[in-house]
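Residues per chain, in single letters:
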Amino acid sequence: MRIDPKFCAAEKRSPSSSVISDGLDYHFSETELLEIARLLRKNQSFLPDSLSDFSRTVEKRIYDSLSVSEVTKLFS
């Protein structure tokens, strides 16, 4: 994979400053959230421990938003 340097803000910052520790604010669309949930569930045995909170948060959102039959259909 080739990374285009024009998209890397780090190229414009001093080496000592970091914004990655600030986290990421992003609002997923319904479609994105469903796809992420499906992807995380399908690959849960390969996920690093550092993504477990994220994965649980996504699943909780799915369980809170869909019926049991919808969740079953999503993950089957």
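Refer to the preceding data block for the structure.
Everything numeric in this text was worked out from a predicted model, so none of it was measured.

1. Focus: the side chain of Glu-59
- Structurally, Glu-59 is set in helix H2 (residues 52-65).
- Looking at Glu-59, its side chain comes within polar contact range of the side chain of Arg-41, at 3.0 Å.
- When neighbours within four sequence positions are excluded, Glu-59 is seen to be in contact with Arg-41 and Phe-75.

2. Some thoughts on the packing of aromatic side chains
- This model, assessed by the stated rule, comprises 3 aromatic pairs.
- Arranged with centres 6.5 Å apart and planes meeting at 70°, the rings of Tyr-63 and Phe-75 form a pair that is edge-to-face. Highlighted residues: Tyr-63 in helix H2 and Phe-75 in helix H3 (residues 68-75), separated in sequence by 12 residues.
- In this structure, Arg-41 is placed above the aromatic ring of Phe-75, and the distance from its NZ or CZ to the ring centre is 4.1 Å.

3. Some details on the pattern of salt bridges
- Scanning all chains against the criterion turns up 4 salt bridges.
- Among the ionic pairs, Glu-59 bridges to Arg-41, the shortest N-O distance being 3.0 Å. With a gap of 18 residues between them, Glu-59 in helix H2 and Arg-41 in helix H1 (residues 30-42) connect regions that are remote in the sequence.
- Assessed through its relative accessible area of 27%, Arg-41 is described here as partly exposed.
- Lys-60 is the partner of Asp-64 in a salt bridge, and the nearest nitrogen-oxygen pair spans 2.7 Å. Of this pair, Asp-64 and Lys-60 both sit in helix H2, 4 residues apart, which is roughly one turn of that helix.
- Note on Asp-64: relative accessible area 55%, which makes it exposed.

4. Quick notes on H2
- Taking 1.5 Å as the rise per residue, H2 with 14 residues should run 20 Å; its terminal C-alpha atoms sit 20 Å apart, in good agreement.
- When we look at burial in H2, the residues that qualify are Ser-55, Val-58, Glu-59 and Ile-62. The buried side chains of H2 occupy one side of the element, clustering within an arc of 95° when seen end-on. Of the exposed residues in H2, the ones pointing more than 90 degrees away from its buried face are Asp-53, Arg-56, Thr-57, Lys-60, Arg-61 and Asp-64.
- Against the buried residues of H2 lie H1 and H3.

What counts and how
- Residues numbered from 1 in each chain as written.
- Predicted model: local features only at pLDDT ≥ 70, side-chain atom pairs only at ≥ 80, totals over all residues.
- Heavy atoms only, no water.
- Helix = DSSP H or I, 4+ residues; strand = E, 2+ residues; numbered from the N terminus.
- Polar contact = N/O pair within 3.5 Å; in protein donor to acceptor, adjacent residues only side chain to side chain.
- Contact = heavy atoms within 4.5 Å.
- Phe/Tyr/Trp six-rings, centres within 6.5 Å; stacked < 30°, edge-to-face > 60°.
- Lys NZ or Arg CZ within 6 Å of the ring centre and 35° of its normal.
- Salt bridge = Lys/Arg side-chain N within 4 Å of Asp/Glu carboxyl O.
- Buried < 20%, exposed > 50% of the residue type's maximum accessible area, 1.4 Å probe, protein only.
- Expected span 1.5 Å × (residues − 1).
- Arc of directions from axis to C-beta.

Just geometry here; none of it tells us what the structure is for.
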